[in-house]
Amino acid sequence: MKRKIGVVPKSDLVNQIQCVRDDIYRLDNNYCKRVLEAGALPLCVTPVDNWIPEESLAMYDGYVVQGGPEFYPYHFQIIHDAVVNHKPYLGICLGEQLIHAYFTMKQMVEEAGYQGDPVKAICALLEDRGPSFSVLERVQGHYSVSPPRGEEDVAKHDVSVVPGTILHRLVGKSTIRAASFHNLQVPPSQKLLTVNAWSADGVVEGVEYGDNLLGVQFHPELDDLLPEIFSFLTEK
């Protein structure tokens, strides 16, 4: 039986804009396509008011977290479920940054003495700190224009893959070509995660944790030239 992989959508500011008809979650087709090509069954993760009904998490064997503008409570529910239940997790762009955000803020809430559910504690911390709070660093020059269909190469750059990492084992090479569309990065100085890839200008292009959390800042879903990365979801 095929693994059921939850594809986690981006949110168009649900409950934060005036018109209720604009409460929308968006799922990019390419993520679903790559999951299917990897031999798994892509299923849409469906939040309600930016939270996922807890009982629905049991149906997913793993997750792909796609790119997007910001974190919502359901993002932290997803990665927490992957950590606690040792499910394969592939984070792309925002999904890669989420790995760092989760572990950094989990450490912060523990040190601050927050009680109860760690996901709710993280969300309470974010609310307490306000919209200007971030555990990420801003970068320049990594958001190129979206390429026309069939011309994906114009958005690509060299990415150096770190030997000995999960990513290196998957792609089998030290340099790959990949497209990036981001203005933030995981801080290079962080100590909680293993950095698995760098750009030529020193920007973190991927992180991983343990043997089941893999993140890439670039976008392997853009075309079908890096299928090995999505095979991570089905290899165990």
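Before any of the text, the structure's been laid out above.
Rules behind the numbers
- Here, residues in each chain are numbered from 1, in the same order as that chain's written sequence.
- With pLDDT at 70 or above as the cut-off, local features in this predicted model cover only qualifying residues; side-chain atom pairs require 80 or more to be listed or tallied, and sums for whole chains, interfaces and linings still use all residues.
- Note: side-chain values were computed over all heavy atoms of the structure, leaving out hydrogens and water.
- Helix and strand definitions here come from DSSP, where helices need a minimum of 4 consecutive H or I residues and strands a minimum of 2 consecutive E residues; each element is numbered from the N-terminal end.
- Residues count as neighbours in contact if any of their non-hydrogen atoms are within 4.5 Å of one another.
- Throughout this description, the term nonpolar core refers to a set of buried Ala, Val, Leu, Ile, Met, Phe, Trp, Tyr and Cys residues connected via side-chain atoms within 4.5 Å.
- Three labels apply to residues, based on accessible area from a 1.4 Å probe with only protein chains included: buried if under 20% of the type maximum, exposed if over 50%, partly exposed otherwise in between.
- Axes here refer to lines fitted to C-alpha atoms; in helices the fit is confined to the stretch in contact. Angles between the N-to-C directions go from 0 to 180 degrees.
- Crossing handedness follows the turn of the near helix against the far one: under a right angle anticlockwise gives a left-handed crossing, and clockwise gives a right-handed one.
- Here the nonpolar group is Ala, Val, Leu, Ile, Met, Phe, Trp, Tyr, Cys and Pro; Asp, Glu, Lys and Arg are the charged ones; every other residue, Gly included, is treated as polar.
- Should an angle fall under 35 degrees it is taken as roughly parallel, and over 145 as roughly antiparallel, whereas 65 to 115 is taken as roughly perpendicular and any remaining angle as oblique.

Student: So what about the side chain of His80? Which residues, and what values?
Tutor: Looking at the element boundaries, His80 is found in helix H2 (residues 73-84). In this structure, His80 is in contact with Tyr102, Pro118 and Val119, ignoring residues within four places of it in sequence.

Student: Lay out the nonpolar core with the relevant residues and their values.
Tutor: By size, the foremost hydrophobic cluster in this structure holds 37 residues, and its most contacted members are Tyr63, Phe76, Ile78, Tyr89, Ile99 and Met105. Within the residue set of this core, elements represented by two or more residues are strand S5 (62-65), H2, helix H3 (94-112), helix H4 (118-129) and strand S12 (204-209). Sorting elements by how many residues they give to this core places H3 first, with nine residues. For Met105, the residues in contact, after removing those within four places along its chain, are Phe76, Ile122, Leu125, Leu126, Phe133 and Val135.

Student: Could you give me a rundown of the packing of H2 against H4, with the residues and numbers involved?
Tutor: Between H2 and H4, the least distance of the axes is 9 Å, while the angle of their chain directions is 145°. For the pair H2 and H4, the sense of crossing is right-handed. Together, Pro73, Phe76, Gln77 and His80 of H2 and Pro118, Val119, Ile122, Cys123 and Leu126 of H4 make up the contact between the two elements. Each residue belonging to the contact of H2 with H4 can be placed in one class, and the counts come to seven nonpolar, two polar and no charged.

Student: Go over the packing of H3 against H4, please, and point to the residues and values.
Tutor: One way to put it is that H3 packs onto H4 with a least axis distance of 9 Å and a crossing angle of 85°. Comparing the axis directions of H3 and H4 gives the class roughly perpendicular. Across from Tyr102, Met105, Lys106, Met108 and Val109 in H3, the residues of H4 making contact are Ala121, Ile122, Leu125, Leu126 and Arg129. Across the contact of H3 with H4, the residue classes tally to eight nonpolar, no polar and two charged.

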